[in-house]
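Take a look at the letters that make up each chain.
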Amino acid sequence: MSAARLSPGRLGLRLFGCLVGLWLIAPTLVVVPMSLTDEKSFRFPPTGWSTHWYSEFFSDPLWGEALVHSLVIATVVAVIATILGTAAAFAIVRGRFPGKAVANTLLISPMVVPVVIIAIGMYIVELEWHLVGTYLGFFLAHTVIALPFVLITVSASLRTFDRRLEHAAATLGSGPLSTFFRVTLPGIRSGVFAGALFAFIVSFDEVVISTFLVSTNLRTLPVQMFSSLTQEQNPTVAVASTLMFVVTTVLLVVIAIVMRGRDRAR
Amino acid sequence: MTDVIADNAVKRSRPGIRGGSALRGRYELLGIPALVLVLVLFVYPLVTMLGKSFDDFLVTEQGHGVFANYQWFFGQHVNVLVLQRTLVTALAVTAICLAVSYPFAYLMTLVGERTRLVMTGAVLLSFWTSLMVRNYAWLILLQDNGVVNRILGSLGLPRLHVIGTAAGAAIGMCQILLPFMILPLYANLRGIDRRLLQAAQSLGARPAVAWWLVYAPLSVPGVVAGSLLVFVMTLGFYITPAILGSPTNAMFSQLIVTQVQTLLAFGRGGAMAAVLLVATLLLLGCAALVTRRARSRGVVAT
């Protein structure tokens, strides 16, 4: 459709669309130049440039350790959530049992209930179980909220998977386990992989529940950012923001490539 | 009789087919670990929290009955004020999100494949970008000597003081929650058959009239679903009001966190969270009902 044939109404709509697109993406990008400022303030745009805050980020144990904690927690959560979520997707898509709809709703609900409510509940029980400030406490809490994303992504893959391939493998003498690992899993792997990456992002970015679960020895990056922001104007938080933005964007691009590859293979 | 025999034959043959797949058809067992996790770390905590709201009292509320925490909540002028402020903010955020999202989602149904991919990409990138990062970005932009105020100043307009106010939190939430409005709206609009518009026009309706009488009513389910979702999310938002707002202009969730984290008043916090939870579930139930009715009527392809 050439621009000349567009009616004024359509042209206006397109302009508006561009503005909304900008509104969605552009504000976030200010953190990148902000991280390169040479003063200790949030003045924007910066008047001079330096990489001082990057060396600050990587040399200050508070920030460095927070980054490591977040990476460890997000990786473990991605693994657990992917295993549990994929298994649950098989139950929901292929299982036949009474109360399946209820079970599905229950598994999805951590995504819908306001996270502040989940945080209060988890804080109360994790205090009782002495899990506050422990890795285990984070693994469990983040897995619960990451699980729905794996379940939804893998279920979608599983619904489009052709089960005759499994029957064919069985007919040819393949055992149940080898059928699963050689036929089923490769067939749904893009969904599983995307689910794992989503779970990683959910955990890596989680801040509300984490503010309740942290201790002085175990902080995550978003919590460190939150407390830094509420205490002082320190541009190190801009470095952390830039890193988080880059990590999420790279993971999303990987997900998009994996999903497109799947579509092409079909 | 023959039906029964046929039925039995099918039943008998099924295990044979299923036997080839990994679990001999016992797929439901695979859901157990995830369900146990959700029951122990999601349902049980919520139940415990609700329980605390009925039996965990501060000294001032002891001996006032099981509903003392709820009576405290609704009896305090400050709490009711915060509740009002939160509801008004949520309404404003929902209205703005809807006004911005509808044209955008509508445009998504009109453009070519490539442009649509770019538009979807923008929505998803925004959706998945870290909450902390987006809130921080808004703090930079909206601060008193920030970019927005610099631009307003150079245009000769009065400067805005929005950081620390409900308006600041609302501006941030409008952008952060936009994807939650666009995605359900687009899912709805995509299913509307545009040939209905041509049909209306061939019967003599002017384009704008045809759009308003035919297209707009069909988009109501998407509008309702998206609006309820955004409204509910605004009610429960914590991080954005905490960073862009302030304790003096607190939102509902900030009040809950203060009670639990600072004052360790689990009963009061639990009661407030329970109020929020009930409101959320009611509104989401409405959204689900509207979406399902639209589907069963068959006006919207899914």
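Bear in mind the structure is a predicted one, so any value in this text is a computation, not a measurement.

## Side note on the overall build of chain B
Line of reasoning, step 1. From N to C terminus, chain B includes 15 helices and 0 strands.
Line of reasoning, step 2. Within chain B, the proportion of its 302 residues that are buried is 43%.
Line of reasoning, step 3. Long-range contacts, defined here as pairs at least 24 residues apart, represent 71% of the contacts in chain B between residues at least 6 apart.

## Quick word on the overall build of chain A
Line of reasoning, step 1. When helices and strands are counted, chain A shows 12 helices and 0 strands.
Line of reasoning, step 2. Each helix and strand of chain A, ordered N terminal to C terminal, gives the series α-α-α-α-α-α-α-α-α-α-α-α.
Line of reasoning, step 3. Seen through its principal axes, chain A has C-alpha atoms that stretch 70 × 65 × 30 Å.
Line of reasoning, step 4. Within chain A, the fraction of its 266 residues that count as buried is 47%.
Line of reasoning, step 5. Across chain A, every contact between residues at least 6 apart in sequence was considered, and the portion connecting residues at least 24 apart equals 76%.

## Observations regarding the interface of chain B and chain A
By a widespread convention, an interface's size corresponds to the accessible area lost as its parts come together.
Line of reasoning, step 1. The interface is formed by 69 residues belonging to chain B together with 74 residues belonging to chain A.
Line of reasoning, step 2. Of all the elements in the fold, those that place two or more residues in the side of chain B that touches chain A are α2 (32-55), α4 (77-110), α5 (113-128), α6 (131-142), α13 (239-244), α14 (252-262) and α15 (266-297) of chain B.
Line of reasoning, step 3. Counting residues per element, the side of chain B that touches chain A draws most heavily on α2 of chain B, at 13 residues.
Line of reasoning, step 4. In terms of residue class, the side of chain B that touches chain A is built from 48 nonpolar, 17 polar and 4 charged.

## Things to note about the nonpolar core
Line of reasoning, step 1. One finds Ala88, Ala119, Ile120, Leu147 and Ala199 of chain A together with Leu177 of chain B to be the most contacted residues of the largest nonpolar core, which totals 160 residues.
Line of reasoning, step 2. Sort the elements by how many residues they give to this core and helix α4 (residues 61-94) of chain A lands first, with 15 residues.
Line of reasoning, step 3. In terms of domain composition, this core takes at least three residues from each of domain 1 (16-55) and domain 2 (64-297) of chain B.

## Quick word on the confidence of the model for chain A
Line of reasoning, step 1. Residues with a pLDDT of 70 or more make up 96% of chain A, whose mean pLDDT is 91.
Line of reasoning, step 2. Within chain A, no element has a lower average pLDDT than helix α12 (residues 236-265) of chain A, which sits at 85, and none a higher one than α4 of chain A, at 96.

## Some thoughts on the domain arrangement of chain B
All names here are of chain B.
Line of reasoning, step 1. When the domains of chain B are assigned, the result is domain 1 (16-55) and domain 2 (64-297).
Line of reasoning, step 2. Centre-to-centre, using C-alpha coordinates, domain 1 lies 31 Å away from domain 2.
Line of reasoning, step 3. The residue makeup of the side of domain 1 that touches domain 2, split by class, is 3 nonpolar, 1 polar and 2 charged.

## Notes on the packing of helix α5 (residues 100-108) of chain A against α2 of chain B
Helices that pack against each other are described as a pair by the angle of their axes relative to one another and the distance between those axes.
Line of reasoning, step 1. The interhelical angle for the contact between α5 of chain A and α2 of chain B, taken along N-to-C directions, is 60 degrees, at an axis separation of 10 Å. Of the possible angle classes, the one that applies to α5 of chain A and α2 of chain B is oblique. Considering how the two elements wind past one another, α5 of chain A and α2 of chain B form a crossing that is left-handed. Residues Ala103, Leu106 and Leu107 of chain A of α5 of chain A form the contact with α2 of chain B, whose own contacting residues are Ala34, Leu35 and Val38 of chain B.
Line of reasoning, step 2. Residues belonging to the contact of α5 of chain A with α2 of chain B are distributed by class as follows: 6 nonpolar, no polar and no charged.

## Observations concerning the environment of Ala78 of chain A
Residue and element names in this part refer to chain A.
Line of reasoning, step 1. In this fold, Ala78 is placed in helix α4.
Line of reasoning, step 2. We classify Ala78 as buried; it has 24 C-beta atoms within 10 Å.
Line of reasoning, step 3. The spacing of Ala78 and Ala196 is 118 residues in sequence and 5.2 Å in space, taken between C-alpha atoms.
Line of reasoning, step 4. Those residues in contact with Ala78, other than ones at most four positions away along the chain, are Ala196, Ala199, Phe200 and Ser203.

## Re the confidence of the model for chain B
Atomic detail in the predicted coordinates should be set aside for any region of low pLDDT.
Residue and element names in this part refer to chain B.
Line of reasoning, step 1. Across chain B, pLDDT averages 85, with 90% of residues at or above 70.
Line of reasoning, step 2. Counting interchain partners and residues more than four positions distant, the pLDDT-below-50 stretch residues 1-22 has 19 contacts.
Line of reasoning, step 3. Across the interfaces of the predicted complex, the ipTM metric reaches 0.88, alongside a pTM of 0.88.

## Let's talk about helix α1 (residues 8-29) of chain A
Line of reasoning, step 1. Across its 22 residues, α1 of chain A extends 31 Å between first and last C-alpha, which sits within 8% of the 32 Å expected from 1.5 Å per residue.
Line of reasoning, step 2. Turning to α1 of chain A, its buried residues number three or more, namely Gly17, Val20, Leu24, Pro27 and Thr28 of chain A.

## Focus on the environment of Gly172 of chain B
Residues and elements named next belong to chain B.
Line of reasoning, step 1. Relative to the elements of secondary structure, Gly172 occurs in helix α8 (residues 166-176).
Line of reasoning, step 2. The spacing of Gly172 and Leu263 is 91 residues in sequence and 28 Å in space, taken between C-alpha atoms.
Line of reasoning, step 3. Other than its neighbours up to four places away in sequence, Gly172 contacts Asn135, Trp138, Thr240 and Leu244.

## Details of unusual backbone geometry
Line of reasoning, step 1. Residue Phe44 of chain A is joined to Pro45 of chain A through a cis peptide bond whose omega torsion reads -5 degrees.
Line of reasoning, step 2. Of note in the backbone geometry, His130 of chain A takes a positive phi value of approximately 55 degrees without being a glycine.
Line of reasoning, step 3. In this structure, His130 of chain A sits in the loop between α6 (115-128) and α7 (135-159).
Line of reasoning, step 4. Here Leu264 of chain B, not a glycine, exhibits a phi torsion of approximately 55 degrees, which is positive.
Line of reasoning, step 5. Mapped onto the secondary structure, Leu264 of chain B falls in the loop between α14 and α15.

Reading the values: rules and limits
- Residues numbered from 1 in each chain as written.
- Chains lettered and ligands numbered in written order.
- Predicted model: local features only at pLDDT ≥ 70, side-chain atom pairs only at ≥ 80, totals over all residues.
- Helix = DSSP H or I, 4+ residues; strand = E, 2+ residues; numbered from the N terminus.
- Buried ≥ 20, exposed ≤ 12 C-beta atoms within 10 Å, placed from the backbone.
- Contact = placed C-beta atoms within 7 Å.
- Nonpolar A, V, L, I, M, F, W, Y, C, P; charged D, E, K, R; others polar.
- Core = buried A, V, L, I, M, F, W, Y, C linked by C-beta atoms within 7 Å.
- Domains from an automatic or database assignment.
- pLDDT = per-residue confidence, 0-100.
- Axes fitted to C-alpha atoms, helices over the stretch in contact; angles between N-to-C directions.
- Parallel < 35°, antiparallel > 145°, perpendicular 65-115°, else oblique.
- Left-handed = near helix turned anticlockwise from the far one by under 90°.
- Expected span 1.5 Å × (residues − 1).

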